[in-house]
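An overview of the molecular structure
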Amino acid sequence: MDRITSVPATVNVGDEPESNTSSNPWFGDIVAERLSRRQMIAGSVAAAVGVAVASRADAHGGGRNGHHLGHDFRRPLSPGFAPVPHSSADAVIVPEGYSVQVLIPEGEPLTRGAAPYIPGDLNTGADREGQVGAHHDGMWFFPFVHGQPGNRHGLLCVNHENINPELIHPDTQGGAYEAGNVRPIEDEVRKELASHGVSVVEIARDGGEWQVVKGKYNRRITVGTVMEFTGPVRGADLLKTKYSPNGTRARGTLNNCANGRTPWGTYLTCEENWAGYFYNSGVRPREQARYGVPAAATSTLGWGTRPEDPYRRFNTTPVAGADATQDYRNETNTFGWVVEIDPFEPKSTPKKRTALGRMGHEGAEVAPVTAGRPITVYLGDDARGEYLYKFVTKDVYRPGRTDGSILDRGTLYVAKFHADGGGEWIALAHGANDLTAANGFANEAEVLINTRSAADLVGATRMDRPEWTAINPFTRRVQLACTNNSQRGVAANQPVDAANPRRRNPDGHIVSWLEEGGRFEATTFSWNILFAGGPTAERIAALGAADSVYQGDPLYAVQAFPDSPEKQQFLGEDATFNSPDGLFVSRSGIFWIQTDGYSSASRGFGNQQMLAADPVTGDLRRFLTGPVGCELTGITETPDCRTLFVNIQHPEGSSTWPAIGGETRPRSATLVITKDDGGIVGT
Ligand code: FEO
Ligand code: CA
Ligand code: CA
């Protein structure tokens, strides 16, 4: 079976306009003129920036036409640095000629009047509501435009996915919670809610260093922030709660993993593993059971054991004699969405865009847009054997006029991969593809709230934990990280298939596809595997029968399947990885891969890492290794590609990283990576 589809590096898509081929690396000022919806006095901007007026550029820094999320380089650039070896050091290691600055560690004061961070994390829950949250994840840099390229000043939106209770509660290590009891310390729970969510951070570069600007844009969005529902599910019976009896509002966003950004300059944050924060000790309906909501408080952080309403809602057990508007039986249905945040409007209410479905949303990657055509958003659902989705808007993109409401009408599709290298997108639309009342879907709201069940019904392909998607604007190919899946070929409903070909898949792989005609809204595609993780050939041979996972698996004969099939190869020690997770294609064309996997001396894997690839040649090389216990996740850049922002999430165990400000507890933080000669990062 030949899974390799040969496609040219640059695809001519007929009626698509050419991508911007100017050699000028940045057109943000032109874009600002055409796109800015408003001008803003940025009175708080650091004096060093020396600027009075700032405005919104498009989300990817702009392009000549002001309406695509594409690239501004004539051709994609290739990795050009000397790779770093695997490492077990409690440090961030980058190639020779690069520098790293640590920015916004967990607990850094963010909003005006916020309490300073106290080493040992002695801050209260109220303190944390004004400070940077924990577990930095997906993020995006929105440049300000000052008539000059916005490479030195902008808003950084950062997701805060999770917490380490033992690190943020120095007295109790978060352990003062016993089965069957109420969680005893309310402030600990308050601090945990405040540690999740999103930070909007104004940052500016003063000389060589980036700094936080304590301006009006800085904002914490937490599990307590009021949100509004939009789209087909707004007002549905299954969204009605004691807090919002008409099903239009909710409190908070939770387990914010990867992200997206829109052409109109807003941020998309994605709710991933929300189910594990709830419990229902009664009968769990499918919208809870299919998503893994636990039966007992002891499987959770115990928020729902507290009597106060902001926490009690995480116990979704129906109250006897009550209806849905009098208890929190539907509270789980208010999570699992893609949330749109306008970082330029600090008082705006975040919107849960329900048309994009309810799942363990990993990310929401908006494809390059074209005026007069629909917008496509790619969506991973990260759990073993879950699916890959995309959403296509009903309305077409109109530069300067389109706003987030376009995401409220459209079609959610789920992917089916065929063994011959083809694939199709199956619409999850009520009334189509057997999604009818007779099959348990009474209306569109029921389809969307039960997205996973709908995808089950239409026979979509169960994937090896779909994490981030990333689009190459030069080739229009879409990439998906399938991080790993211990149940592949083990669980009865997850047999080995062409797109998920490795039994027990410990190391993961990256799938790549091209939509029919290069049109993102197409309903058919052709696919191949681009990279597969794993040890070197030499290590696999040396492991022999001692590591049976590698025995007899033909997919361990080749690990790189670039667009040029003649370049297929095994990966060398400079490129081996496991568990790909974060993916990002720079405007420069460099394809970045971040990992969230395991260390293993016998397999040759050290701490988690970030690699750079040229997907056409198959060149793959290690750019960065992280501290002990961390995950690499979250990546964005300035429009000129000369500053790269990368997140270190949950350094732990023996780690003391980043060991700044008198603190030795490990903390998540953002890295600012620059090339010492001022060049484009990764080249
Ligand atoms: Fe939050 Fe699937 O990573
Ligand atoms: Ca992830
Ligand atoms: Ca992961």
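Because the structure is predicted, anything quoted here is derived from the model rather than measured.

Donor atoms from the polypeptide that coordinate the calcium ion (ligand 2) comprise E362 (OE), E467 (OE), D581 (OD) and D581 (OD), at 2.3 to 2.5 Å from the metal. Mapping the donors of the calcium ion (ligand 2) onto the primary sequence gives the spacing E-x104-E-x113-D. Accessibility expressed as a relative area gives 2% for E467, which makes it buried.

With that settled, consider the sheet that holds strand β14 (residues 351-353). Pairing in this open sheet of 6 strands is mixed, and the strands run β10-β9-β14-β13-β12-β11 from one edge to the other. Looking at which strands have only one partner, the edges of the open sheet turn out to be β10 (249-251) and β11 (256-261). Going across the sheet, the axis of each strand differs from the next one's by a mean of 35°, ignoring polarity.

Looking at the calcium ion (ligand 3), one finds its protein donor set to be E467 (OE), D581 (OD) and D596 (OD), positioned 2.3 to 2.4 Å from the metal centre. Sequence spacing among the residues donating to the calcium ion (ligand 3) works out to E-x113-D-x14-D. In this structure, the calcium ion (ligand 3) is positioned 3.7 Å from the calcium ion (ligand 2), and both are ligated by E467. Placement of the pair is D581 in strand β24 (residues 580-585) and D596 in the loop between β25 (591-595) and β26 (609-614), with a sequence separation of 15 residues.

On inspection of all chains with the given rule, the structure shows 29 aromatic pairs. Centre to centre, the rings of Y378 and W513 are 5.9 Å apart; their planes meet at 65°, and the pair counts as edge-to-face. Of this pair, Y378 sits in strand β16 (residues 374-381) while W513 sits in strand β22 (residues 509-515), and the two are 135 residues apart along the sequence. Y378 sits in the buried class, given a relative accessible area of 0%.

Next up on the list: the confidence of the model for the chain. Looking at the chain, pLDDT values average 88 and 86% of them are 70 or higher. Low confidence marks residues 1-55, where pLDDT is under 50. Its contacts with residues over four positions away, or in another chain, come to 141 contacts. Confidence over residues 58-68 falls short of pLDDT 50; this stretch has 49 contacts with residues more than four positions distant or in other chains.

Of all 5 residues making up strand β12 (residues 267-271), 5 are buried, and the element is well covered by its neighbours. Judged by which residues are buried, β12 turns out to be covered on both faces: Y267, T269 and E271 on one side and L268 and C270 on the other are all buried. Here β11 runs beside β12; their pairing, made up of 4 bridges, is antiparallel. Opposite N256, over in β12, you have E271 as the bridge partner. Between the end of β11 and the start of β12, which pair antiparallel, lie 5 residues, with G265 showing a positive phi angle near 80°. The sheet contact formed by β12 and strand β13 (residues 338-341) spans 4 bridges and is antiparallel. Within β13, the position partnered with L268 by the bridge is E340.

What follows covers helix α4 (residues 186-195). Extensive coverage of α4 is indicated by the burial of 7 of its 10 residues. Among the residues trailing α4, G197 stands out with phi positive, at a value near 110°.

Thresholds, definitions, all that
- Numbers given to residues run from 1 along each chain, matching the order in which its sequence is written.
- Starting at A for chains and at 1 for ligands, labels are handed out in the order in which the entities are written.
- Residues qualify for local features only when their pLDDT is at least 70, as the model is predicted, and side-chain atom pairs are given and counted only at 80 or more; totals for whole chains, interfaces and linings, by contrast, use all residues.
- To get the side-chain values, all heavy atoms of the structure are used, and hydrogens and water are removed first.
- Counted as donors are N, O and S atoms no farther than 2.8 Å from the metal, or 3.2 Å for Na, K and Ca; water is not among the atoms, and sites may therefore look incomplete.
- Any residue under 20% of the maximum accessible area for its type is buried, any over 50% is exposed, and the rest in between are partly exposed; the area is computed with a 1.4 Å probe on protein chains only.
- Any two strands with at least two DSSP bridges between them are considered paired.
- Strands here mean DSSP runs of E at least two residues long; helices mean DSSP runs of H or I at least four residues long; both are numbered from the N terminus.
- Simply put, an axis is a line fit to the C-alpha atoms, just over the touching stretch for a helix, and the angle between two N-to-C directions goes from 0 to 180 degrees.
- Ring pairs are drawn from Phe, Tyr and Trp, using the six-membered ring of Trp, whenever the two centres fall within 6.5 Å, and their geometry is named by plane angle: stacked under 30 degrees, edge-to-face over 60, tilted for the rest.
- A residue's pLDDT is the predictor's confidence in that residue, given on a scale from 0 to 100.
- Here, two residues are considered to be in contact whenever any of their heavy atoms come within 4.5 Å of each other.

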